[in-house]
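# Fold and geometry: a report
Read off the chains here:
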Amino acid sequence: MFEELSQHILDIAMNSLSANATKVQISILESRRHDRLVLRVRDDGCGMDAAMLKRVLANRWSSKSKRRKAIGLGLAFLRQTSEMCDGRFQVRSVPGRGTSVTASMRLSHIDRPPLGDLNATILALCSADKKTDVQLNYRSDGEKFVFDSRDLAKKG
Amino acid sequence: MNLEQLKQLKEKAQKQISLREGGKKYRVVVGMSTSGVAAGAREVMTTMLDEIEKQSIGSVEVCVTGEIGMVDAEPMVRVEETGGEKTVYGKVNLEGARKIVSQHLQKGKKVQELAVGQTKDKE
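Residues numbered from 1 in each chain as written. Chains lettered and ligands numbered in written order. Predicted model: local features only at pLDDT ≥ 70, side-chain atom pairs only at ≥ 80, totals over all residues.

## Structural notes on the overall build of chain B
Helix and strand counts for chain B stand at four helices and five strands. Within chain B, buried positions represent 38% of all 123 residues. Restricting the contact set of chain B to residue pairs at least 6 apart, pairs at least 24 apart contribute 69%. (Helix = DSSP H or I, 4+ residues; strand = E, 2+ residues; numbered from the N terminus. Buried ≥ 20, exposed ≤ 12 C-beta atoms within 10 Å, placed from the backbone. Contact = placed C-beta atoms within 7 Å.)

Next comes the structure, spelled out in structure tokens:
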């Protein structure tokens, strides 16, 4: 199990990279007013059809399982965390268009893991694939933060 | 969530993006799979980045991949010498990460006690 939500985000976003996404958008909405935390990882990768999506959501299934290398628990972990914290978990996917994973939680829930080291997660994703653009959108009641790895690549 | 912390991200990521350009002597690959992340691979990577910066080692590229294999030996780090050997390190903790930077990347000396395998590049 992961101790931080940012570890979940890294794990889910690594799936996006495996799906050959050119863009990974991570949004985090943290609202004290509504006592809600919503995480979303959206990509424009290869997507999944309905049958594959069903298998993916069943525990311990992975596209790599034939090679006996993968665990296949990434989505299951996030689902467990979000449902444990009075939240909802949803995966939407269109073959050829991309996948979107959304997990919500009650912000004040005693079992809700902390967001943790989000910087480390984004750094790791930026190191994963030069071709993939990593975007982060963080929003809370009054604050906003936007990050886009493409902006940095231009400067550098 | 600390917004101040996030503001440092841009600066750090800028440095990281400049590090991942090719043509370096060493390429460090960290396995960032589900099991890797759970075992602490992300912290191993950030520690190595910090240490590489602190010791100002220029000729290293750090990147991330999915499973390397041998899930029980996570976190795993592979050090690839351009045109040379590839060394796979297993069960790398933060201390081990610093050791790999100061011994292998800085002095070219392998950290034998952490190595789980070595292959010669076929090229």
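## Focus: the nonpolar core
Residue and element names in this part refer to chain A. Ranked by size, the top nonpolar core spans 66 residues in total, and within it A13 and I122 carry the most contacts. With eight residues, the single largest contributor to this core is helix α4 (residues 118-128). With residues near it in sequence (within four places) discarded, A13 still touches V24, I26, V41 and L125. (Core = buried A, V, L, I, M, F, W, Y, C linked by C-beta atoms within 7 Å.)

## Describing the interface of chain B and chain A
Listed by partner, the interface residues are 30 residues for chain B and 35 residues for chain A. Mapped by element, the contributors of at least two residues to the side of chain B that touches chain A are α1 (3-19), α2 (34-39), α3 (41-54) and β2 (60-65) of chain B. Here the side of chain B that touches chain A gets 12 residues from one element, more than from any other, and that element is α1(B). For the side of chain B that touches chain A, the class distribution of residues is 14 nonpolar, 10 polar and six charged. (Nonpolar A, V, L, I, M, F, W, Y, C, P; charged D, E, K, R; others polar.)

## Some thoughts on the environment of Q135(A)
All names here are of chain A. For Q135, the position within the fold is in strand β5 (residues 133-140). Sequence separation between Q135 and S27 is 108 residues, and the spatial gap between their C-alpha atoms is 8.3 Å. Those residues in contact with Q135 that lie beyond four places of it in its chain are K23, V24, Q25, I26, F147 and D148.

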